[in-house]
Amino acid sequence: MKILVTSLAALGVPGLALAADLTVSTATGDATVPSNPGTVVALDLAAIDALDALGVELAGVPDITPPAYLQGAMEGVARVGTLFEPDYEALAVMSPDLIVAGGRSQTVVTPLSAVAPTIDMTITGEALIDEARARVATYGEIFDRADAAAELTGALDDRIAEVQEAVADKGDALILLTNGGKLSAYGAESRFGWLHAALDLPEAFPELDADTHGEAVSFEFIAEVDPDWILVIDRGAAIGQEGEAAQATLDNPLVAGTKAAQNAQILYLDSAPLYLAGGGIRSLMGTLDQIEAGFSR
């Protein structure tokens, strides 16, 4: 970490101090940000998750219904547009010291940078756990909470080791996302692939494409793969969309004949944290708790 501007206090000028600028790691490389910014806007739910876990108070958040565990973090905080369409006028009036974007707001980092210093803290794919650790460490640098950040990432590492033990030798798994009546399967290199990669959980079908949106599959595919476990993410439930629930979608004779169904090893995961705040430190911990509980029955 480089300090680019030396504070007056460090030069021995009593009673005066300027916040130093820091060079920190982001999803798109090094960026210069103010140290300990006072007015902070976060337009990414995984970022809001981590910042709240570190005790950082936010001045602006997106207009979205968050997962239940983030409601307290966003309650009473000004809404500054959506993830995809920020309210630039409101942001200009607010004049934030720092904007944290990423994920669904990644595409608007450039226009946001014209309003205030903006960093892209996107978390994606197979390396999701490593990226989640890195983002928390960066927030620890920016907000002078390095010790708290280290505690969070240390707790995550401990939890992963515990869940690795829980899933060891319990068989393979297939990750399914339901969307109304549609099904997609996700492999180790996908957005949910960390469930395989970080936990050493074998894939029931290793040939799945590495695609952010998964690979469309059928009930016949599930029956042929015949996984020991099925991990289910309900997109409709995650975004509050009306439609067929995951349990109804998978209430099918072909699914019922799989080892997973026969052994009551279909786990319906809490979808909103996974789908909306993937990579958030508390989102990860909550999912790990569910995985451990499901595999330990």
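Small disclaimer: the values here were computed from a predicted structure and weren't measured. (Residues numbered from 1 in each chain as written. Predicted model: local features only at pLDDT ≥ 70, side-chain atom pairs only at ≥ 80, totals over all residues. Heavy atoms only, no water.)

S.K.: Is there a simple way to think about the overall build of the protein in this case?
M.R.: A tally of helices and strands in the protein yields 14 helices and twelve strands. Since a compact globule built from 297 residues should have a radius of gyration of about 19 Å, the 21 Å found for the protein is in line with a globular shape. Its C-alpha atoms give the protein principal-axis dimensions of roughly 75 × 40 × 30 Å. Across the 297 residues that make up the protein, the buried fraction comes to 48%. (Helix = DSSP H or I, 4+ residues; strand = E, 2+ residues; numbered from the N terminus. Rg over C-alpha atoms; globule rule 2.2 N^0.38 Å. Buried < 20%, exposed > 50% of the residue type's maximum accessible area, 1.4 Å probe, protein only.)

S.K.: Would you mind going over empty space enclosed by the protein with me for this structure?
M.R.: A water-sized probe rolled over the atoms picks out the places where empty space is left. Applying the stated criterion across every chain yields a total of one cavity of 30 Å³ or more. In this model, the largest cavity occupies a volume close to 40 Å³. What lines the largest cavity is a set of 13 residues, among which Ala-46, Ala-50, Ile-123, Arg-135 and Tyr-139 lie closest to the centre. Looking at the lining of the largest cavity, the elements that each hand over two or more residues are helix 1 (45-53) and helix 5 (128-142). Residue contributions to the lining of the largest cavity peak at four residues, all from helix 5. Residue classes in the lining of the largest cavity are distributed as nine nonpolar, two polar and two charged. (1 Å grid on protein atoms, 1.4 Å probe; cavity = no way out; pocket = protein on both sides within 12 Å on 5 of 7 lines; lining within 4 Å. Points joined across faces, edges and corners; volume = space filled by probe spheres on them. Nonpolar A, V, L, I, M, F, W, Y, C, P; charged D, E, K, R; others polar.)

S.K.: How should the layout of surface pockets be read in this particular structure?
M.R.: The space that makes up the second largest pocket amounts to roughly 350 Å³. Along the wall of the second largest pocket there are 24 residues; nearest its centre are Pro-66, Pro-67, Ala-238, Ala-272 and Leu-276. The set of elements that each furnish at least two residues to the lining of the second largest pocket consists of helix 9 (235-239), helix 13 (271-276) and helix 14 (281-295). Among the elements that line the lining of the second largest pocket, the one with the most residues is helix 14, at five residues. Here the lining of the second largest pocket is composed, by residue class, of 13 nonpolar, seven polar and four charged.

S.K.: Quick question: what am I supposed to make of the packing of aromatic side chains here?
M.R.: The geometry of an aromatic ring pair is captured by two quantities: the separation of the ring centres and the angle between the planes. Following the criterion strictly, the structure yields three aromatic pairs and no others. Ring centres of Tyr-186 and Phe-192 lie 4.8 Å apart, and the angle between their planes is 65°; on these two criteria the pair is classed as edge-to-face. Here Tyr-186 falls in the buried class, since its relative accessible area comes to 3%. Residue classification places Phe-192 among the buried positions, given a relative accessible area of 1%. Both rings, one in Trp-229 and one in Phe-295, keep their centres 3.8 Å apart while their planes meet at 20°; by these two values the pair is stacked. With Trp-229 in strand 11 (residues 229-234) and Phe-295 in helix 14, the pair connects residues that are 66 residues apart, well separated along the chain. When sorted by exposure, Trp-229 lands in the same class as Phe-295, which is buried. Just above the ring of Tyr-275 sits the side chain of Arg-104; from NZ or CZ to the centre is 5.1 Å. (Phe/Tyr/Trp six-rings, centres within 6.5 Å; stacked < 30°, edge-to-face > 60°. Lys NZ or Arg CZ within 6 Å of the ring centre and 35° of its normal.)

S.K.: Where do I start with the confidence of the model for the protein in this structure?
M.R.: The predicted coordinates of low-pLDDT regions are not to be read in fine detail. For the protein, the mean per-residue pLDDT works out to 91, and 92% of the residues sit at or above 70. Contacts for the low-pLDDT stretch residues 1-18, under 50 throughout, to residues beyond four places or in other chains number 22 contacts. (pLDDT = per-residue confidence, 0-100. Contact = heavy atoms within 4.5 Å.)

S.K.: Could you clarify how one ought to interpret the nonpolar core in this entry?
M.R.: What tends to happen in soluble globular proteins is that the nonpolar side chains get buried as a cluster. Ile-48, Val-100, Tyr-139, Trp-194, Leu-199, Leu-231 and Ile-291 are the most contacted members of the largest nonpolar core, which totals 63 residues. Beyond its immediate sequence surroundings of up to four residues, Ile-291 is in contact with Val-163, Val-167, Leu-195, Leu-199, Leu-231 and Leu-269. Counting residues in hydrophobic clusters, the runner-up holds 17 residues, among them Leu-183, Ala-204, Ile-230 and Leu-250. (Core = buried A, V, L, I, M, F, W, Y, C linked by side-chain atoms within 4.5 Å.)

S.K.: How should I be thinking about the packing of helix 1 against helix 14 in this particular structure?
M.R.: Working note: a packed helix pair is described by the angle between its axes plus the distance between those axes. Contact pair helix 1 / helix 14: the axes reach a minimum separation of 6 Å and the direction vectors enclose 95°. By the angle between their axes, helix 1 is roughly perpendicular relative to helix 14. Contacts between helix 1 and helix 14 pair Asp-49, Ala-50, Asp-52 and Ala-53 from the former with Ile-281, Arg-282 and Ser-283 from the latter. (Axes fitted to C-alpha atoms, helices over the stretch in contact; angles between N-to-C directions. Parallel < 35°, antiparallel > 145°, perpendicular 65-115°, else oblique.)

S.K.: Which parts of the structure should I look at to understand the pairing of strand 8 (residues 173-179)?
M.R.: Along any regular strand, the residues point their side chains to alternate faces of the sheet. Burial within strand 8 is extensive, with six of its seven residues counted as buried. By the bridge criterion, six bridges tie strand 8 to strand 11 in an arrangement that is parallel. Bridge pairing in strand 11 places Ala-173 opposite Trp-229. Summarising the sheet, strand 8 and strand 9 (residues 182-186) pair through five bridges and their orientation is antiparallel. Looking across to strand 9, one finds that Leu-177 is bridged to Ser-184. With antiparallel pairing between neighbouring strands as the criterion, strand 8 and strand 9 make up a hairpin whose turn holds two residues, including Gly-180 at a positive phi of roughly 65°. (Pairing = 2+ DSSP bridges.)

S.K.: Please explain the environment of Ala-161 as it appears in this structure.
M.R.: Mapping Ala-161 onto the fold places it in helix 6 (residues 146-167). Considering only alpha carbons, one finds Ala-161 and Ala-238, 77 residues apart in sequence, at a separation of 27 Å.

S.K.: What is the right way to read helix 6 from this model?
M.R.: Side chains of residues three or four places apart in an α-helix project in the same direction, reflecting 3.6 residues per turn. Its 22 residues give helix 6 an end-to-end C-alpha distance of 32 Å, which sits within 8% of 32 Å, the value for a rise of 1.5 Å per residue. The set of residues buried in helix 6 consists of Ala-149, Thr-153, Leu-156, Arg-159, Ile-160, Val-163, Ala-166 and Val-167. Around the axis of helix 6, the buried residues are gathered within 130° of arc, so they sit on the same side. Away from its buried face by more than 90 degrees, helix 6 exposes Asp-147, Glu-151, Asp-158 and Glu-165. Considering only its buried residues, helix 6 is in contact with helix 5 and helix 14. One or two residues past the end of helix 6 sits Asp-169, with phi positive at roughly 65°. (Expected span 1.5 Å × (residues − 1). Arc of directions from axis to C-beta.)

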